[in-house]
Structure formats: structure tokens, C-alpha cells
Amino acid sequence: SSADLRFDNRVVVVSGAGGGLGKAYSLFFASRGAKVVVNDLGSGLKGEGSSASAADLVVDEIKKAGGDAVADYHNVLEGEKIVETAMKAYGRIDIIINNAGILRDKSFKSMTDKDWDDVLNVHLHGAYKITKAAWPIMRKQKFGRVIMTSSAAGIYGNFGQANYAAAKQALIGFSNSLAYEGFKYNIMSNAIAPLAASRMTATVMPQEILDALKPEFIAPLVAYLTHESTKQTGGLFEIGAGVVTAHRWQGTEGVVFKADDSFTPAAVKARFGEISSFDGPTTYPTSMKDNDWLGKLEVAKKLTTNKKGEELRFDGKVVV
Ligand code: NAI
């Protein structure tokens, strides 16, 4: 319908767009008028090998449908070259979907340094390299939208995924920090934790469930979060099979101990139930500033205000 959100003249970079979610995003954005840089080095699930055809096939499909797209075959670790592809082809870069990923699932006991490094590199470092190269361009344009692809495994942790979970949780902190730094320049950054049928999940879920988890059912949220009309930033959303939820931190009311000799491990043990119970009143801090547990102590109030009574960040800067 005419009310549908359009992306005409917007340039979108989708990493890891040769299949799965990235392919679904690319087709979707192109169908809404965007120019799409379809990045994929065409590796296997574990990051082995490479082939240009994965990205080419998606570009062909977009062009056949009348859309505009270019293929890019760089490893996300060469993010600056992916951004260069976008600039050469289209002269700007509006939206980055950091989506490329690999798995090296192993029990932590059996995980090698390479398993750890490879996964951190593709997910976290790759997102860093692309976003870093595009950042000055987005600032200058006074427009940018960034998506970081996290995962439920990153939020909650998961058996056999210490490397993947570390990378995926890191992307949330990365996104939240960019949200602070980008807002003034109309750059919004959000993290999503999707659940969708792809080669990543094909072996771990039964077919009936996979059928309900189409990658196409992730695109509407990603498109909304990257549209020029949204001011949403620093968010974390879980999404799958048409269910979309927002997530935030929750703190307990906690216990205020006397800061003297009586504050011992045994004292902590005696009141640990109260420290960790979410049954009582709870807090929902959304920034370091909101994390006002320090405010429970008079002395801490002095630590968090300067002589003029202005509130300070922990790094000593005045909160704006
Ligand atoms: P997929 O394996 O189909 O897609 C990942 C793509 O990234 C592949 O086409 C691969 O060639 C590409 N890629 C891998 N390393 C690359 C590199 N160094 N440079 C450029 N491209 C590279 O998997 P899927 O499911 O579409 O995953 C997309 C993203 O969503 C990943 O970040 C994944 O961790 C995340 N995710 C997916 C979930 C799901 O249920 N499918 C669950 C949670 C997160």
C-alpha cells in the first residue's frame, strides 16, 4: 500500500547477504526502492572457502525484479573495501546491516584459539570494520542507520557457544554506544536477536518449526528500524516467526551494607537471597546514568556530582 515504508535513493549495505537472512533483507530493501550492496564472500557455514556466486545470484534476482544492486565479495574484515564498493557504485551509504556470521560450536573445553578468534573476527570485528569505515560518511550526511545482529545465545549464553555468545553480546554494547555517539548526527543503531530457518538452524530444528521461521519474517523489523522515520536507537529486539519483543535490563533493589568492617563475605552470604531476588521492587536502568544504585549512599552522591551539583558520569564527564 502507499503507506508502506519506502527506501528510494537509500543505499543499503548488507553483509553476509548471499543467503539466509541477509538475502531476505537484500531482496526486501531492493523491492522498496533501495540500492543494495550485496556483500558475501560465499564461505561455508564454518567460514571455510569462498565463491562469488552467492552474492551474484542475489544481485541477479534483484535486477530481474527491476531493482538496483551490486555484488561485493570482500571478507567483512575488509569492511573499508565494502564501504568503498558502496561509494563507487552509489556515492553514499545510508544503512548498514551487520549480518555476516559463522559458527564454530564446541564445548569450551574443546574450543581452540582459532575457533574463538574466527568467530569473534567475523561477527564483532567485521561489524566494527564496516561501521567504522562508514561512520564519517554517515556523520557528514547527517543520516545513518545501523543494525547489529546479536542472538539469543549472546543475550543469555548457550551451551557450546562461548565464542559466538561473546561476539553476540559484544555487539549489543557496541550498538548501544554508537546509539549515544550517533544520535546528534541522526545515526540510529539497534541490535536484533533473530530466529529464522537458515543453514545455521537447519540441523537443529524440526521441519514444521523451520517452516514457520522464514527469514522473510525478520525483514519488516529491520526495515522499520532503519527507515528515515524512526528515531528508535540503542534498542534490543528479539524476533522470529512474526513475534517481536523489546528487551531491557532489570536490577534488584539490592542491599545496602554498612561500608565498614561488618561488610564481610559472610555478611554477603547472609543476605544473598535479598541481593538476588527479583520478587521485591526492581529497577530498569537504561543508561549508566540511570544506574542509580550508587545514589543509595550519601557518600556516593558526592562521587557522582561535581562542585556545581551537576551529575557526573563515571568517567568524570558532565551528563548531558
Ligand atoms: P547464513 O549462514 O545463511 O548467513 C551468513 C552469511 O554470512 C553466509 O552467506 C556467509 O557466506 C556470510 N559470511 C560468513 N563469513 C563472512 C565474512 N567473513 N565476510 C562476508 N560474509 C561472510 O546464516 P543466517 O542464519 O542467515 O545468519 C545471519 C546472521 O543472523 C548471523 O550473524 C547469525 O549469527 C545471526 N543469527 C541467526 C539466527 C538464525 O536463527 N538463523 C539466530 C541468531 C542469530
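Everything numeric in this text was worked out from a predicted model, so none of it was measured.

What counts, and where the lines are drawn
Residues numbered from 1 in each chain as written. Predicted model: local features only at pLDDT ≥ 70, side-chain atom pairs only at ≥ 80, totals over all residues. Domains from an automatic or database assignment. Pairing = 2+ DSSP bridges. Helix = DSSP H or I, 4+ residues; strand = E, 2+ residues; numbered from the N terminus. Near = placed C-beta within 6 Å. Nonpolar A, V, L, I, M, F, W, Y, C, P; charged D, E, K, R; others polar. Axes fitted to C-alpha atoms, helices over the stretch in contact; angles between N-to-C directions. Contact = placed C-beta atoms within 7 Å.

Often the size quoted for an interface is simply the accessible area lost on bringing the parts together. Taken domain by domain, the chain holds domain 1 (11-246) and domain 2 (251-303). The C-alpha-based centres of domain 1 and domain 2 are spaced at 38 Å.

Turning next to the pairing of strand 3 (residues 68-72). Bridge count for strand 2 (residues 35-39) against strand 3 is 5 bridges, and the pairing is parallel. Residue pairing across strands places Val-36 opposite Ala-69, the latter belonging to strand 3.

Strand direction decides the pairing type here: strand 7 (residues 236-240) and strand 8 (residues 243-246), joined by 4 bridges, are antiparallel. Note on strand 8: the bridge partner recorded for Ile-239 is Val-244. The loop that links strand 7 with its antiparallel partner strand 8 comprises 2 residues; one of these, Ala-241, has a positive phi angle of about 55°.

Near the ligand there are 32 residues, and of these Gly-16, Gly-20, Gly-101, Ser-151 and Ser-198 occur at the shortest range. Contributing elements (two or more residues each) for the shell around the ligand: helix 1 (20-31), helix 4 (113-141) and strand 6 (187-195). Among the elements that make up the shell around the ligand, the one with the highest residue count is helix 1 (3 residues). Partitioned by chemical class, the residues of the shell around the ligand number 12 nonpolar, 18 polar and 2 charged.

Spatially, the 8 strands line up as an open sheet ordered 3-2-1-4-5-6-7-8, and their pairing is mixed. The open sheet has two edge strands, strand 3 and strand 8, and neither has a second partner. Averaged over neighbouring strand pairs, the angle between their axes works out to 20° when direction is ignored. Bridge analysis of strand 4 (residues 95-98) against strand 5 (residues 144-149) gives 4 bridges, and the strand direction is parallel. Note that in strand 5 the partner of Asn-98 across the bridge is Met-148. Contacts between helix 2 (residues 53-64) and the sheet are confined to strand 2 and strand 3, with strand 3 contributing the most and set at about 175° to the helix. The sheet contacts of helix 8 (residues 219-226) involve strand 4, strand 5, strand 6, strand 7 and strand 8, and relative to strand 5 the element is tilted by about 145°.

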